[in-house]
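Summary of structural features
The primary structure of each chain is shown beneath.
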Amino acid sequence: MALTACGSDAENNASTAAQNIPAPPPTAESTYQAPDWSANTKQVCDKVAAIYSDGFAGFSTQLGKMIANKEAKQAPGATAAQKAAGEELKKVGAQIKKEVAAAQDPNLKAAGEQSATKVTGSATDKAFFDSIKTTKDLNAKIETKMLDWMNPVTGYCA
């Protein structure tokens, strides 16, 4: 009885060839570090927050005049105050846009520009102004509107 080697020559040659394949080179670890915009983001967000806290005084004054004129059935006065309130919103939108222009984080900058656009867009939103006839209407509408205006930057400035 003849002894035979385990496996055929073809199997042994394939096994040897597989052992001779060089290993892939080790991958280099990434040295990329995301930029740290936290200090700049805080600075920009503080300025935007200040606008939302104090920058709407002129707008509020004009809305008060608009409501008073609507309640007194003084349409020309209401229209003039509405127009002035819209101009105040345009100023606020421009101020927000100016402050977010200094943002290093491009996503915060884009969100701030979107917020500014929403505020400025409301300046000519007839339906918004028409829906405010009394102080009660104002209180109900303005909170929702402010949240909408702030929404784009909220995730960055929370």
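As a reminder, the structure under discussion sits directly above these lines.
Residues numbered from 1 in each chain as written. Predicted model: local features only at pLDDT ≥ 70, side-chain atom pairs only at ≥ 80, totals over all residues. Heavy atoms only, no water.

**Brief notes about the packing of helix H5 (residues 106–122) against helix H7 (residues 135–154)**
Viewed as axis vectors pointing N to C, H5 and H7 meet at an angle of 160 degrees, and their least axial separation amounts to 6 Å. As summarised for this structure, H5 and H7 are arranged roughly antiparallel, according to the angle between their axes. In this structure, H5 meets H7 at a crossing whose hand is right-handed. Of the residues in H7, those in contact with Leu-108, Ala-111, Gly-112, Gln-114, Ser-115, Lys-118, Val-119 and Ser-122 of H5 are Lys-145, Asp-148, Trp-149, Met-150, Pro-152 and Val-153. (Axes fitted to C-alpha atoms, helices over the stretch in contact; angles between N-to-C directions. Helix = DSSP H or I, 4+ residues; strand = E, 2+ residues; numbered from the N terminus. Parallel < 35°, antiparallel > 145°, perpendicular 65-115°, else oblique. Left-handed = near helix turned anticlockwise from the far one by under 90°. Contact = heavy atoms within 4.5 Å.)

**Examining the nonpolar core**
Counting 31 residues, the largest nonpolar core has Phe-56, Phe-59 and Trp-149 as its most contacted members. Here the element with the most residues in this core is helix H4 (residues 75–100); it accounts for seven residues. (Core = buried A, V, L, I, M, F, W, Y, C linked by side-chain atoms within 4.5 Å. Buried < 20%, exposed > 50% of the residue type's maximum accessible area, 1.4 Å probe, protein only.)

**Side note on H7**
Its 20 residues place the ends of H7 27 Å apart at the C-alpha level, agreeing with the 28 Å of an ideal helix rising 1.5 Å per residue. Along its length, H7 reaches its greatest deviation from straightness, about 30 degrees, at Asp-148, and the proline Pro-152 lies no more than four positions downstream. The complete set of buried residues in H7 reads Leu-138, Ile-142, Lys-145, Met-146, Trp-149, Pro-152 and Val-153. (Expected span 1.5 Å × (residues − 1). Bend = angle between axes of the 7 residues up to and from the residue.)

**Examining the packing of helix H2 (residues 38–54) against H4**
The relative placement of two packed helices comes down to the angle between their axes together with the axis-to-axis distance. Taken N-terminus to C-terminus, the directions of H2 and H4 make an angle of 170 degrees; their axes are 9 Å apart at the nearest point. As judged from the angle between their axes, H2 and H4 are roughly antiparallel. Between H2, through Val-44, Lys-47, Val-48, Ile-51 and Tyr-52, and H4, the contact on the second element is made entirely by Val-92, Gln-95, Ile-96, Glu-99 and Val-100.

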